[in-house]
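Observations on the three-dimensional arrangement
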Amino acid sequence: MNSGSWLDRFPALCSIADAAGQRALGAAEVVRVPADTLVFETGQSCHNYLLVIEGSIRVQQLSANGREIVLYRVAPGESCVLTTTCLLAHGRYAAEGITETEVLAAAIPATAFRDALETSEALRRFVFESYGERLAALLQLVEEIAFERFDSRLARRLLLLAGAGPRIATTHQALAIELGSAREVVSRVLKHFAERGWVRVGRGELEILDPQALRQLAEKSS
């Protein structure tokens, strides 16, 4: 992929015409990262503004007691809010990012990014609009964890993972990480679902037997 074609994934960047913004985009290096690769880790400084062209990066955080939670994913056409925060504050990452698939991304060097941000209104607009959208999603995650019933959140997650089919290839631990809970809690609630005939629990997989019951539960917030 050449330096121009990757911009097709980011229509807002295609319209940047000022010299500073053009220089920053021209300094971008298109990189390909294998699946299951640690892109950044907690405490690491940030050297590039990353824009995902293809693939997915999972951003997760590890608590002091060893519990993991998925904060968000960076999908094609998106940037990483933690990366933006690090670059703006000259700080370090507070979480880690791992490629879920092979990822194709454009990396703008930190110096070029910061220089352009000072004078390119169009680039600033893109960066802060993306930042605002992701921050809103993070606040929604906090609200869900703090105020919503866990069984409702689990039901919603199962329906999302199932998509068009009833079978889900996942583990109790993976669900716990996605939902910011403990594996034991997930296992207990899944057992409750199974006893009601809503799901069938197998080794490394689940089967949804009563999607309507899960939908009704997913709509409950308290």
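These lines cover the structure that appears in this document, whether it is placed above or below. (Residues numbered from 1 in each chain as written. Predicted model: local features only at pLDDT ≥ 70, side-chain atom pairs only at ≥ 80, totals over all residues. Heavy atoms only, no water.)

What follows concerns the overall build of the protein chain. When you go through the protein chain residue by residue, the secondary structure sums to nine helices and ten strands. Reported as C-alpha extents along the three principal axes, the dimensions of the protein chain are approximately 65 × 35 × 30 Å. Taken over 222 residues, the protein chain has a buried fraction of 42%. At a minimum sequence separation of 6, the contacts of the protein chain that also span at least 24 residues come to 71%. Charged side chains of the protein chain number 24 positive and 27 negative; the gap between the two group centres comes to 6 Å. (Helix = DSSP H or I, 4+ residues; strand = E, 2+ residues; numbered from the N terminus. Buried < 20%, exposed > 50% of the residue type's maximum accessible area, 1.4 Å probe, protein only. Contact = heavy atoms within 4.5 Å. Lys, Arg positive; Asp, Glu negative; His and termini not counted. Charge placed at Lys NZ, Arg CZ, Asp CG, Glu CD.)

What follows covers the pattern of salt bridges. It is possible for side chains of opposite charge to pair when their charged atoms get near one another. In this structure the tally under the stated criterion is 14 salt bridges. For the salt bridge of E205 with R167, the shortest nitrogen-to-oxygen distance reads 3.6 Å. Linking E205 in strand β10 (residues 205–208) with R167 in strand β8 (residues 167–168), this pair joins segments that are 38 residues apart in sequence. Taking the relative accessible area as the measure of exposure, E205 reaches 28% and is therefore partly exposed. Residues R200 and E207 are paired through a salt bridge, measuring 3.0 Å at the closest nitrogen-oxygen approach. (Salt bridge = Lys/Arg side-chain N within 4 Å of Asp/Glu carboxyl O.)

Before going further, it helps to examine the nonpolar core. Of all hydrophobic cores here, the largest spans 42 residues; its most connected members are W6, L13 and L51. Residue assignment for this core shows that the elements contributing at least two residues are α2 (19–26), β3 (48–54), β4 (57–62), β5 (68–74), α3 (81–89), β7 (103–109), α4 (110–119) and α5 (121–147). If we skip the residues at most four places from it in the chain, L51 touches W6, F10, L13, E78, S79, L104, A105, A106, I108 and F126. Within the second largest apolar cluster, 21 residues are counted, among which are L154, A162, L179 and V199. (Core = buried A, V, L, I, M, F, W, Y, C linked by side-chain atoms within 4.5 Å.)

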